[in-house]
Amino acid sequence: MKFELDSIIIEEGCRTTAVANRVIAGADGIPVQFVDDARAAARLDPSAADSFAAGKRRMILMNRRSPFLMGCPAGSNEFACCGYLVMVLASNCPMDCSYCFLQEYVADNPGFQLYANYSDAFDELDRLQPRANGAKLRIGTGELADSLAFDSRTGIAADFVDYFARRDHLTLELKTKTDEIENLLHVDPRGHTLVSWTLSPDRVFRSSEHRTASPQARIAAARRVLEAGYKVAFHLDPMIAYSETDRDYAELIESLFSVVPPEAISFISMGGLRMTPSLRRRARERFPEDPMLLGEEVLTPDGRYRTFTPLRLKLYGKLRELIAQAHPKMPIYLCMESASVHQRLFGSAPLSPAQLGAHLAGA
Amino acid sequence: MTAEHETRISDWAAEHHLPDTYRDRWLELAPEDAMALISVTEGLHLRTGQFVVAFEILVEIAARDRVSIATILERRELRRIVEGKGSGPGKASALLDALRLIRFPRLQEMLDRLYAQIRALGLPSGVLVSLPSDLATDELRIEIAAHGGLELRNLLKLLAENADALGGTYEV
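None of the values given here were measured: they were computed from a predicted structure. (Residues numbered from 1 in each chain as written. Chains lettered and ligands numbered in written order. Predicted model: local features only at pLDDT ≥ 70, side-chain atom pairs only at ≥ 80, totals over all residues.)

1. Side note on the overall build of chain B
Okay, step 1: When its secondary structure is counted, chain B shows 10 helices and two strands.
Okay, step 2: The N-to-C order of helical and strand elements in chain B reads α-α-α-α-α-α-α-α-β-β-α-α.
Okay, step 3: For 172 residues, the compact-globule estimate of 2.2 N^0.38 gives 16 Å, and chain B exceeds it by more than 25% at 22 Å.
Okay, step 4: Each principal axis of the C-alpha distribution contributes one length, and for chain B these read about 70 × 35 × 30 Å.
Okay, step 5: Within chain B, buried positions represent 20% of all 172 residues. (Helix = DSSP H or I, 4+ residues; strand = E, 2+ residues; numbered from the N terminus. Rg over C-alpha atoms; globule rule 2.2 N^0.38 Å. Buried ≥ 20, exposed ≤ 12 C-beta atoms within 10 Å, placed from the backbone.)

Quick look at the structure:
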């Protein structure tokens with residue numbers, strides 16, 4: 001996939017870095033501009049009709065001023081969490097899913113920022129000591145940006161795969177909705193990198209996941225990285241409840257398992273559509289015709305609109321059953337759900353975030 | 001839209017202190033939608049808050065079902081309310097309930113089913129079981145009304161006997 005850009009802005013301090021050279025070499029007619037401090041370029045452009053969409057088309061290569069590692073921003077004591085650590089190598093995403101939380105999370109800084117000093121992240125990773133019990137840590141780059149979008153221009157992912165290949169106590173998760181995997185195929189991950197895809201039924205893809213690879217293309221890409229020695233995982237998240245959801249998810253699971261053997265999948269996560277009132281308002285403004293944003297979501301005590309609880313539980317239960325039919329021991333976890341929802345679905349209390357994190361990192 | 005309708009909408013908005021954003025969105029609707037809405041709004045004497053709720057629900061149903069607001073307001077169950085007998089406030093409230101039912105059909109169906117399940121347990125009148133509004137969580141609220149220790153103990157015993165069934169209300 002080749003995402004279109006309107007401009008590339010490079011901070012002077014990054015001008016001579018390898019990633020800047022690669023980006024400039026591949027600019028292919030896109031205007032490149034150099035600035036002393038690129039932070040202003042990341043801010044929203046009030047003159048644009050859709051400033052968030054405009055930000056996605058403005059690639060900004062700059063130094064990150066904050067730490068690269070952080071706890072997952074979705075994490076909370078309210079939820080049974082998975083102990084995920086996030087490594088922020090970029091911010092925003094060239095794809096444009098109608099339900100995406102970035103519409104709210106980076107609303108004031110929508111420029112697509114890519115951090116040229118990413119090698120500083122290696123120092124932070126070096127400071128993560130191996131745990132006494134040998135448990136691994138799972139660290140992902142796909143929370144505030146897609147892990148592989150633009151990798152054909154930047155070539156960053158392979159550097160990280162190579163770094164993690166030499167760290168037995170760490171697992172890298174590259175999370176994507178693209179099929180941009182070519183750069184991965186030439187690096188040996190030595191079992192320390194997991195590539196995961198968010199998957200939705202074709203109907204949701206067509207209605208809501210603009211400029212992403214099709215579900216079939218994502219599944220085909222997963223098969224290729226699996227054959228190249230990577231672990232693979234899938235996120236059925238957000239699950240959207242519409243009238244044909246059951247049937248469409250059954251077809252999706254069937255087509256996934258027909259290409260990627262279920263025993264070869266490290267884990268599957270599930271999560272329901274969830275939107276704060278302001279995200280919902282923003283999403284509805286930007287995508288007024290998307291029926292997927294108009295399901296039977298109600299305001300829940302955590303301040304988010306979600307599919308009303310029994311229907312959400314029913315969908316989770318159905319999916320869990322479908323997955324278990326193919327592979328009863330498939331590790332499955334829920335994202336941003338309470339311990340009580342976990343208990344109802346799995347019949348047991350959730351593991352602690354540290355335990356679940358270690359389990360998934362080693363899966 | 002005719003100038004007369006525009007004036008009616010603007011006048012209603014001004015009299016009811018409707019926020020400008022809603023007035024503007026109303027005026028931006030297709031003429032037949034805007035006119036259908038002012039007819040119902042005036043006919044049922046909707047209050048400002050009721051109008052805002054009705055407006056949002058109508059916009060969402062229209063986008064979801066790809067139909068016009070005028071077409072939605074022509075539905076038989078809504079016409080029956082609008083044209084039926086009864087007080088303005090009663091009809092306004094009934095209209096909102098009917099719109100919610102169109103917007104959230106499975107939610108209402110699920111509420112009906114769960115309450116039927118609870119009723120089937122045959123709990124005495126001293127035990128009131130209620131579900132969260134809009135089924136936003138998986139909790140049950142149980143209220144016990146007892147007059148004295150013996151009645152309380154009996155009700156608690158009955159509750160304990162039905163604990164598994166009640167706990168399984170949301171079973172997947």
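2. Some details on the packing of helix H10 (residues 245–259) of chain A against helix H12 (residues 309–326) of chain A
All names here are of chain A.
Okay, step 1: Closest axis-to-axis distance for the H10/H12 pair is 10 Å, and the angle between their directions is 25 degrees. Regarding the angle of H10 to H12, the classification is roughly parallel. Of the two elements, H10 crosses H12, and the hand of that crossing is right-handed. On H12, the residues touching Thr245, Asp246, Tyr249, Ala250, Ile253 and Phe257 of H10 are Leu315, Lys318, Leu319, Leu322, Ile323 and Ala326.
Okay, step 2: When grouped by side-chain class, the residues that make up the contact of H10 with H12 number nine nonpolar, one polar and two charged. (Axes fitted to C-alpha atoms, helices over the stretch in contact; angles between N-to-C directions. Parallel < 35°, antiparallel > 145°, perpendicular 65-115°, else oblique. Left-handed = near helix turned anticlockwise from the far one by under 90°. Contact = placed C-beta atoms within 7 Å. Nonpolar A, V, L, I, M, F, W, Y, C, P; charged D, E, K, R; others polar.)

3. Quick notes on the nonpolar core
Okay, step 1: Core analysis: the largest hydrophobic core is formed by 114 residues, its most contacted members being Ile60, Leu61, Leu89 and Ala116 of chain A.
Okay, step 2: If you tally residues by element for this core, the top one is H12 of chain A, at six residues.
Okay, step 3: Those residues in contact with Ala116 of chain A that sit more than four places away from it in its chain are Cys14, Thr17, Val19, Ala20, Leu61, Met62 and Asn63 of chain A.
Okay, step 4: With 23 residues, the next largest nonpolar core counts Ala36, Leu37, Ala54 and Leu73 of chain B among its residues. (Core = buried A, V, L, I, M, F, W, Y, C linked by C-beta atoms within 7 Å.)

4. Here we look at the domain arrangement of chain B
Note: interface size is frequently given as the accessible area lost on complex formation between the parts.
Okay, step 1: Taken domain by domain, chain B comprises domain 1 (3–103) and domain 2 (106–167).
Okay, step 2: Its C-alpha centre places domain 1 of chain B at a distance of 37 Å from the equivalent point of domain 2 of chain B. (Domains from an automatic or database assignment.)

5. Comments concerning the pairing of strand S2 (residues 32–35) of chain A
Residue and element names in this part refer to chain A.
Okay, step 1: Where strand S1 (residues 7–11) lies against S2, four bridges are found, and the strand directions are parallel. Bridging across to S2, Ile10 finds its partner in Phe34.
Okay, step 2: For the crossover that starts at S1, traverses helix H1 (residues 18–25) and ends in the parallel S2, the hand is right-handed. (Pairing = 2+ DSSP bridges. Right-handed = clockwise from strand over helix to strand, strands pointing away.)

6. Some points on the interface of chain A and chain B
Okay, step 1: Taken together, the contacts link 21 residues of chain A with 14 residues of chain B.
Okay, step 2: Put simply, the parts of the chain that give the side of chain A that touches chain B at least two residues each are strand S16 (297–299), H12 and helix H13 (339–346) of chain A.
Okay, step 3: Of all the elements, H12 of chain A adds the most residues to the side of chain A that touches chain B, at seven residues.
Okay, step 4: In the side of chain A that touches chain B, the residues fall into 13 nonpolar, four polar and four charged.

7. Looking at the sheet that holds strand S18 (residues 332–334) of chain A
Residue and element names in this part refer to chain A.
Okay, step 1: The eight strands are arranged S4-S5-S9-S10-S11-S13-S14-S18 in an open sheet whose pairing can be described as mixed. Whereas interior strands pair on both sides, the edge strands pair on one side only; in this sheet they are strand S4 (69–71) and S18. Averaged over all adjacent pairs, the angle separating strand axes in this sheet is 30 degrees, with direction ignored.
Okay, step 2: Of the strand pairs in this sheet, S4 and strand S5 (residues 85–87) are connected by three bridges, and their pairing is antiparallel. Looking at S5, one finds that Met70 is bridged to Val86.

8. Quick word on the pairing of strand S13 (residues 231–239) of chain A
Two faces, one strand: in a regular strand the side chains alternate between the faces of the sheet.
All names here are of chain A.
Okay, step 1: In terms of burial, S13 is a largely internal element, seven of the nine residues being buried.
Okay, step 2: Where strand S11 (residues 193–198) lies against S13, five bridges are found, and the strand directions are parallel. Among the inter-strand pairings, Leu194 is bridged to a residue of S13, identified as Lys231.
Okay, step 3: Pairing geometry for S13 and strand S14 (residues 265–272), over five bridges, is parallel. In the strand pairing of S14, His235 is matched with Ser269.
Okay, step 4: Regarding the hand of the β-α-β motif, the stretch spanning S13, H10 and S14 is right-handed.

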